[in-house]
Amino acid sequence: MGANTSQVSELFENQSLKALIGTQSISENNPFWNQLISFSFTSPTCSRGRDSSIKLQNNPRSGNFGALVRVFLGRTKELKISTECQDQLFIWQAHNALLLIRCLLKVFIREMSEEDLHLQFTYQERAPGCYDTCSEDLLEELICNLVHLIVEVPLLDITYGILFEAVTTLLVLFSYQLFHKEILRDGHIYRCLMSGRCLFLTSRLVKTLLYNFIRQEKCPPATHVLQPQSDGGGLLYGLASGVASGLWSVFTLGGAGSKSSLDQEHNPLPLSNQSLFLLLVLANLTDRPECPNPYRQAITCFKNTQDTSSIPSPQPHTFQINFNSLYTALCEQQCSDQATLLLYTLLHQNQNMRTYMLSRTDMENLVMPILEILYHVEERNSHHVYMALIILLILTEDDTFNRSVHEVMLKNITWYTERSLTEISLGSLLILVVIRTIQFNMTRTRDKYLHTNCLAALANMSAQFRYLHQYAAQRIISLFALLSKKHNKVLEQATQSLRGPLGTDDGATLPDYAQDLNVIEEVIRMMLEIINSCLCSSLHHNPNLVYALLYKRELFEQFRLHPSFQDIMQNLDTVIGFFNHRLEQAGADLSVERVLEVIRKGAVALPKDRLKKFPELKFKYVEEDQPEDFFIPYVWSLVFNSAVGLHWNPEGIELFGMDSS
């Protein structure tokens, strides 16, 4: 046996692999297992390690896979004590056994049904006519042991590898979803985690995964891997290392082991990332009427450790966690889709966490990364942009947030490159970024859903606009100018199509123009309502908006008599007429400063009863009726692309198209 099996032609010459997947049963007490799991190899920490293309024709009748699982389970019973005693050998062997189990499971799940997978766990050699009444469900036993391991074993350098493997193995067990187009709502693995013996550990598992995310522990150096003893103590080590190195090459075709230092540079936080993926997978498992998702229940009801309330929670699976630490981690990690999705989940589903976030006095630490995602919309996938935008929409449902963002002053926003912003309020920056997103969508994707959510966020904020930066005010009016131009263009195209020669097919395109015109007019109407809301509620706080409105007043002429805009245009006409008159009285050739001074004084003098009252603009985010149709493919596309040390052949993926991954 060589130490590096990297050629396909050599794979089936590996004697250990032959024995493991062969027809000959190997007792779990056989020394073979000690030799097999005594190798020196750390868990792969790369996101895109190579995948084996070999079909491992494991013979379930041998019971060898089940024996390997029982060998691992035998070691997990003493794992916590071994950790306390710093018994690296014991932890090392348990880690290696689980690494082999995980790699085999990944291949089995790709190649066989869940029923056939169960056979790999359940087959035991028995005498004819004999039935073992004490036979346990080995698959459920493995799942429960993995959950116990994650919640019981402390995170130390020597346990980092096995904790990572436990989280990754649970992810792999759920990966059946990747190979089905329809959403899976049942199955043995599903039932084990949703209603089996693991159920009582739900809150502890969710809490542990969250703390793994919070702690952001880097992968330690390979101190947790047993090193060969000096002099003559390493004979068994050397033999076993050769066995395992060859085995690992079977699973990875030599792809992961040679790049460990590079992998750690690219993925320094494998346990944190993998824990977040598992948490999102668990949280998005489907509910059933008789079995609501306990992990989602835990996520929706956990409380702050600072909450001293003695009132018991009516929700099951509740627990307490440090909100400050969680908030800090969320602020720091928003560059990734998965962290943004977690933030969305907590904001939308956990009222305790939402209230806490909205009460923070450093909200800019959370909002700025979200704005940066939207600003770089060209570089982000559409789902990430949607999540960021919905987060803003949820935040803007709160009036206190809408007021406070205009009180936070920012300096030198380096990532905003269109214009130098030496000082601007968080609220004005938010408006700039959302308007830029709308403009990008108008010219590129033309996604009505994106438009709607952008405008809803601006509408929620509009009554609380305060001291808008002059550039933000200009961009609001510039967006209206762009919409006006687009409206005129589509109107002209529709008119020309009506004038087409008789007998031509030009009229067939009219419905498209009519639909486009309807969408544009809806957006124009919303923009007019946003401007009107600001003028009616906070005119005296926004001289820059009034200035921009007066400077471009001719834009609004064409909409004065339009039946869709007549009512809302009355207020804009009143404001424009009032301030225009005061400026004429002030004289000609006024400087910008003088014009703003006239506007400030006029804003105080304008009687409020001259402006017609409209219903307050309030939009609330509501999740779709079947959110799993969106979120489950989205979560698994993230796992597929970014999970650490896992790679699946794209050809077998059914859940989503490769263009959406």
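Calculation criteria
- All residue numbers here refer to positions counted from 1 along the written sequence of the relevant chain.
- Confidence filtering applies because this is a predicted model: local features only for residues at pLDDT of at least 70, side-chain atom pairs given and counted only at 80 or more, and all residues used for totals across whole chains, interfaces and linings.
- Note: side-chain values were computed over all heavy atoms of the structure, leaving out hydrogens and water.
- Numbered from the N terminus, helices here are DSSP runs of H or I no shorter than four residues, and strands are runs of E no shorter than two.
- Residue exposure (1.4 Å probe, protein chains only): buried if accessible area is under 20% of the type maximum, exposed if over 50%, otherwise partly exposed.
- Residue contacts follow a heavy-atom distance rule, with two residues in contact if any of their heavy atoms lie within 4.5 Å.
- Using a 1.4 Å probe, accessible areas were evaluated by the Shrake-Rupley method; residue-level cover was limited to the displayed protein chains.
- What counts as an axis is a line fitted to C-alpha atoms, over the stretch in contact for a helix, and the angles between N-to-C directions run from 0 to 180 degrees.
- Each angle receives one of four descriptions, namely roughly parallel if under 35 degrees, roughly antiparallel if over 145, roughly perpendicular if within 65 to 115, and oblique otherwise.
- Here a crossing is called left-handed whenever its near helix is offset anticlockwise from the far helix by less than a right angle, and right-handed whenever the offset is clockwise.
- Basically, the charged four are Asp, Glu, Lys and Arg, the nonpolar ten are Ala, Val, Leu, Ile, Met, Phe, Trp, Tyr, Cys and Pro, and anything else, Gly included, counts as polar.
- Multiplying one less than the number of residues by 1.5 Å gives the expected span of a helix.
- Stacked, edge-to-face and tilted labels apply to pairs of Phe, Tyr and Trp rings (six-membered ring for Trp) whose centres lie within 6.5 Å, assigned for plane angles under 30 degrees, over 60, and everything in between, in that order.
- In this scheme, the term charge over a ring applies when either NZ of a lysine or CZ of an arginine sits within 6 Å of the ring centre and within 35 degrees of the ring normal.
- The term salt bridge refers to a pairing of a side-chain nitrogen on Lys or Arg with a carboxyl oxygen on Asp or Glu at a separation within 4 Å.
- Any pair of N or O atoms that falls within 3.5 Å is considered a polar contact. Within protein, one atom must be able to donate a hydrogen and the other to accept it, and sequence-neighbouring residues count only if both atoms are side-chain atoms.
- pLDDT measures the predictor's confidence residue by residue and takes values from 0 up to 100.
- Residue types Ala, Val, Leu, Ile, Met, Phe, Trp, Tyr and Cys, when buried and joined through side-chain atoms within 4.5 Å, form a set referred to as a nonpolar core.
- Directions pointing from the helix axis toward each C-beta atom define the arc.

(A) View of the overall build of the protein chain. The secondary structure content of the protein chain amounts to 29 helices and four strands. Within the protein chain, the proportion of its 661 residues that are buried is 56%. Partitioning the contacts of the protein chain with sequence separation of at least 6, the portion at a separation of at least 24 is 77%. Looking at the protein chain as shown, the accessible area adds up to about 29,300 Å², and 50% of this sits on carbon and sulfur atoms.

(B) Molecular detail of the packing of helix α19 (residues 364-375) against helix α20 (residues 382-395). Running from N to C, α19 and α20 point in directions that differ by 140 degrees, and their axes come no closer than 9 Å. Taken together, α19 and α20 sit at an angle that is classed as oblique. Here α19 and α20 pass one another in a crossing that is left-handed. Residue-level inspection shows Val367, Ile370, Leu371, Ile373 and Leu374 of α19 in contact with α20, the latter providing His384, Val385, Ala388, Leu389, Ile391, Leu392 and Leu395. Looking at the contact of α19 with α20 residue by residue, the classes come out as eleven nonpolar, one polar and no charged.

(C) Spotlight on helix α14 (residues 270-283). The terminal C-alpha atoms of α14, which comprises 14 residues, lie 20 Å apart, in line with the 20 Å expected from a rise of 1.5 Å per residue. The buried fraction of α14 is high, at 14 of 14 residues.

(D) A look at the environment of Ser497. Following the sequence through the fold, Ser497 ends up in helix α24 (residues 470-498). Taking the C-alpha atoms as reference points, Ser497 and Tyr513, 16 residues apart in sequence, are found 9.1 Å from one another.

(E) Region of the structure containing the environment of His118. With respect to the helices, strands and loops of the structure, His118 is situated in helix α7 (residues 114-122). For the pair His118 and Glu140, spaced 22 residues apart in the sequence, the C-alpha separation amounts to 10.0 Å. If near-sequence neighbours (up to four positions away) are discounted, His118 is found in contact with Asp137, Leu139 and His188.

(F) How the structure looks around the packing of aromatic side chains. Per the counting criterion, the structure on display carries 21 aromatic pairs. Plain terms: the ring middles of Phe480 and Phe556 are 4.6 Å apart, the flat faces sit at 20 degrees to each other, and that makes the pair stacked. You can see Phe480 sitting in helix α24 and its partner Phe556 sitting in the loop between α26 (543-551) and α27 (566-586), a full 76 residues away along the chain. A single burial state applies to Phe480 and to Phe556, both of which are buried. An aromatic cluster of at least three residues, connected via ring pairs, comprises Phe302, Phe319, Phe323, Tyr327 and Tyr356. The ring of Tyr375 carries the charged tip of Arg436 above its face, separated from the ring centre by 4.1 Å.

(G) Broad picture of the pattern of salt bridges. With the rule as written, the count across this model stands at 21 salt bridges. Note that Arg191 and Asp186 form a salt bridge whose closest N and O atoms lie 2.9 Å from each other. Take Asp186: its relative accessible area is 40%, and that puts it in the partly exposed class. Here Glu557 ties to Arg560 by a salt bridge, and the two come within 2.5 Å at their closest N and O atoms. Residue Glu557 is classed as partly exposed on the basis of its relative accessible area of 44%. The structure contains a network of salt bridges with shared partners spanning Arg354, Glu397 and Lys620.

(H) Quick look at the side chain of Ser484. Looking at where Ser484 falls in the secondary structure, it is placed in helix α24. At 2.5 Å, the side chain of Ser484 and the side chain of Gln558 are in polar contact. With near-sequence residues (within four places) excluded, Ser484 lies in contact with Leu555, Gln558 and Phe559.

(I) Inspection of the confidence of the model for the protein chain at higher detail. When pLDDT is averaged along the protein chain, the result is 82; 82% of the residues meet or exceed 70. Residue range residues 223-265 is modelled with pLDDT below 50. Its contacts to residues more than four positions away, or to other chains, number 89 contacts.

(J) How the structure looks around the environment of Arg582. Locating Arg582 in the fold gives a position in helix α27. Accessibility expressed as a relative area gives 29% for Arg582, which makes it partly exposed. Spatially, the C-alpha atoms of Arg582 and Lys601 are 9.7 Å apart, while their sequence positions differ by 19 residues. Filtering out sequence-adjacent residues up to four positions away, Arg582 remains in contact with Val598, Gly602 and Ala605.

(K) Main features of the packing of helix α11 (residues 202-215) against α14. It is at 8 Å that the axes of α11 and α14 come closest, and there the two elements cross at 140 degrees. Of the two possible hands of crossing, α11 and α14 adopt the one that is left-handed. Two secondary-structure elements touch here, α11 through Leu205, Val206, Leu209, Leu210, Asn212 and Phe213 and α14 through Leu271, Ser272, Ser275, Leu276, Leu278, Leu279 and Leu282. Here the contact of α11 with α14 is built from residues that sort into ten nonpolar, three polar and no charged.

(L) Main features of the nonpolar core. Ranked by internal contacts, the top residues of the largest apolar core, which has 216 residues, are Met353, Tyr416, Leu429, Ile476, Phe556 and Trp636. When residues of this core are assigned to their parent elements, the largest contribution, twelve residues, is made by helix α25 (residues 510-538). Excluding residues that lie within four positions of it along the chain, Tyr416 makes contacts with Tyr375, Leu421, Leu429, Leu432, Val433 and Tyr471.

(M) Up close: unusual backbone geometry. Positive phi outside glycine occurs at Asn412, with the angle close to 50 degrees. Mapped onto the secondary structure, Asn412 falls in the loop between β3 (409-411) and β4 (423-425). Unusually for a residue other than glycine, Asp589 sits at a positive phi of about 50 degrees. Within the fold, Asp589 resides in the loop between α27 and α28 (592-605). Using a relative accessible area of 81% as the deciding quantity, one classes Asp589 as exposed.

(N) Representation of α28. If you check α28, its first and last C-alpha atoms are 20 Å apart, about what 14 residues at 1.5 Å a residue would give, namely 20 Å. Burial in α28 covers these residues: Val595, Leu596, Val598, Ile599, Gly602 and Ala603. Down the axis, α28 shows its buried residues gathered within 160 degrees of arc, on one side only. Away from the buried face of α28 by more than 90 degrees, exposed residues Glu593, Lys601 and Val604 are located.

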